[in-house]
Amino acid sequence: MLSIMKLILILSFLTFLLSLSSSVVQLIIDTDMDFDVDDVGAVCAAHAMADKGEVEIIAIVHDAGYPKGIGAVSVLNHYYGRDEIPLGAFKGKFGAETAGVYIDDLVDNWESPIKHYDQVKDAVEVLRAALASAEDQSVVISSVGFLTNIANLLSSPGDNISESTGYELVRDKVRLVAIMGGFFPSSNEYSEFNFNCGWQFMGKPEECEGKARQAVLNMPKEVKMVFSGFEVGVEVKSGAALTRCAPENNPCRQAYIDYLGEEVDRNSWDPLTTILAVRGAAAVSCEEVGQGGRNEVREDGSNYWVEDDQDAPNQSYLLLLDAEAAGDIIDDLLCSPPARK
């Protein structure tokens, strides 16, 4: 009888452990870490959530062509003790000549195993491998840059990683894509940076041209998309606290100082979107609106919300409720010391 009871207890404990592991979000970050520093905030906030047991970062890919961009990601991963995270990079012409002011500092002066995109695989290959090994409907993607990688993933054929096409892998393995991009409910005559390939600040659009439209249009309807528009993140300020709360050996702190100077906040487009992907809209003082409609993205990156579309996929966009509270949430994560140091 005692051995049976022990067996029952062991099985119960294993069931409990499995339930805990299944509640941990499986996160992929697709970043253009280069032009702006809020991408650093997104990755550092993700590591802080991982330290709290909320998320497992299963891949990070870079979507602009600057060769050192993925090296800066590696610096952050190394600081948080997660060199094992698979990294991948877009290696085309788009953005290849555009260097963020903090990128070279981090890559040249901070310790990391990866310094150049020649040391990592192509982004689509890394994305396919991460999805192929994931459980069904377990992955969330935080898209905080250009949508070239996601569009290319969706159009990728089966290969030695998986017989499934990219579309099939996304359909089967991804439950949510949180996208920082667009204006809502409409961009009118404008278009947003991530959707229009950088307003020429990244050079010619090259391979990026039209990819925002392709990614949104070709996303499987089974996958939920939540859009975090320009108008949300521009109102939320974060990052200045790093000067005071973080030690000098913290590369997140250094990147913000390189880009802004000491004790200066930045708009929070990317960290807000990444926290949204893991914790949901309410956790960043927002709510989802527009359900039953869809985001129509034009070839030039301009966009507008189509209301009450009978064939609408599972899409919504964010409405900001409290900018100050959202900024405090981001700063709380940025100021959290790494658990693995």
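Structure shown above.
To start, this report covers the structure provided alongside it. Here the residue numbering is sequential within each chain, running from 1 through the sequence in written order. Note on the predicted model: pLDDT of at least 70 is required for a residue's local features to be given, and 80 or more for side-chain atom pairs to be given and counted; whole-chain, interface and lining totals, by contrast, use all residues. Derived side-chain values reflect all non-hydrogen atoms in the structure, with water molecules and hydrogen atoms excluded from consideration.

### Things to note about the pattern of salt bridges
Salt bridge, as used here: a side-chain nitrogen of Lys or Arg that lies within 4 Å of a carboxyl oxygen of Asp or Glu. Across all of its chains, the model carries 13 salt bridges by this definition. The shortest N-O distance in the salt bridge between Glu125 and Lys121 comes to 3.9 Å. Salt-bridge contacts for Arg128 lead to Asp159; the nearest nitrogen and oxygen are separated by 2.9 Å. Of the two residues, Arg128 is situated in helix H5 (residues 123–132) and Asp159 in the loop between helix H6 (148–154) and helix H7 (166–173); the sequence distance between them amounts to 31 residues. Classification of residues uses two cut-offs on accessible area relative to the type maximum, computed with a 1.4 Å probe and protein chains only: under 20% is buried, over 50% is exposed, and between them is partly exposed. Judged by its relative accessible area of 1%, Arg128 falls in the buried class. By sharing partners, the salt bridges in this structure join Arg213, Arg294, Glu296 and Asp309 into a single network. Helix and strand definitions follow DSSP, with helices as H or I runs of at least four residues and strands as E runs of at least two, each counted in order from the N terminus.

### Quick word on the packing of aromatic side chains
Between 30 and 60 degrees the pair is tilted, below 30 it is stacked and above 60 it is edge-to-face, where a pair is any two Phe, Tyr or Trp rings, Trp via its six-membered ring, whose centres lie within 6.5 Å. A full pass over the atoms with the stated rule returns 14 aromatic pairs. Here Phe183 and Phe230 contribute two aromatic rings whose centre-to-centre distance is 5.1 Å and whose plane-to-plane angle is 40°, an arrangement assigned as tilted. Pair noted here: Phe183 is in the loop between strand S6 (174–180) and helix H8 (211–218) and Phe230 is in helix H9 (residues 230–233), with a separation of 47 residues, a long-range link. Overall, the relative accessible area of 16% leaves Phe183 in the buried class. Note on Phe184 and Phe227: the rings are 5.6 Å apart at their centroids and 35° apart in plane angle, and the pair reads as tilted. Highlighted residues: Phe184 in the loop between S6 and H8 and Phe227 in strand S7 (residues 224–228), separated in sequence by 43 residues. Judged by relative accessible area, Phe184 falls into the buried class, the value being 9%.

### Description of helix H2 (residues 38–51)
Over its 14 residues, H2 runs 20 Å from end to end, which matches the ideal 20 Å to within 8%, given 1.5 Å per residue. Of all 14 residues that make up H2, 13 are buried, and the element is covered over most of its length. Gly53 lies just past H2 and shows a positive phi near 80°. To estimate the expected span of a helix, count its residues, drop one, and scale the result by 1.5 Å.

### What about the environment of Gly203?
Among the secondary structure elements, Gly203 is positioned in the loop between S6 and H8. On the accessibility criterion, Gly203 (30% relative accessible area) is partly exposed. For the pair Gly203 and Lys115, spaced 88 residues apart in sequence, the C-alpha to C-alpha distance is 23 Å.

### Quick notes on the sheet that holds strand S13 (residues 315–320)
Taken together, the 9 strands give an open sheet; going across it, the order is S4-S3-S2-S1-S5-S6-S7-S13-S10, and neighbouring strands pair in mixed fashion. A strand with exactly one partner marks an edge of an open sheet, and here the two such strands are strand S4 (121–122) and strand S10 (286–289). Paired strands, as defined in this entry, are two strands with at least two bridges between them according to DSSP. Relative to S4, strand S3 (residues 87–89) runs parallel, the two being bridged by 2 bridges. By the bridge assignment for S4, Gly88 is matched with Lys121.

### Brief notes about the nonpolar core
Throughout this description, the term nonpolar core refers to a set of buried Ala, Val, Leu, Ile, Met, Phe, Trp, Tyr and Cys residues connected via side-chain atoms within 4.5 Å. By size, the foremost hydrophobic cluster in this structure holds 62 residues, and its most contacted members are Leu27, Met33 and Val40. Broken down by element, the residue count for this core peaks at 8 residues, all from H2. Counting residues in hydrophobic clusters, the runner-up holds 34 residues, among them Ala130, Ile141, Phe184 and Tyr317.

### Considerations on the packing of H2 against helix H11 (residues 251–260)
Lines are fitted to the C-alpha atoms to define the axes, a helix being fitted only along its stretch in contact, and any angle between axes, read from their N-to-C directions, falls within 0 to 180 degrees. Relative orientation of the contacting elements H2 and H11 amounts to 165°, with a least axis distance of 9 Å. The pairing of H2 with H11 is recorded here as roughly antiparallel in orientation. Our pair here, H2 against H11, has a crossing hand that is left-handed. Residues Asp38, Val40, Gly41 and Cys44 of H2 form the contact with H11, whose participating residues are Cys252, Ala255 and Tyr256. When residues are grouped by polarity, Ala, Val, Leu, Ile, Met, Phe, Trp, Tyr, Cys and Pro land in nonpolar, Asp, Glu, Lys and Arg in charged, and all others, Gly among them, in polar. Of the residues belonging to the contact of H2 with H11, the class tally is 5 nonpolar, 1 polar and 1 charged. Small angles under 35 degrees read as roughly parallel and large ones over 145 as roughly antiparallel, with 65 to 115 read as roughly perpendicular and the rest as oblique. Handedness of a crossing follows from how the near helix is turned relative to the far one, being left-handed for an anticlockwise turn of less than a right angle and right-handed for a clockwise one. Contact between two residues is taken to exist if any of their heavy atoms lie within 4.5 Å; hydrogens are not considered.

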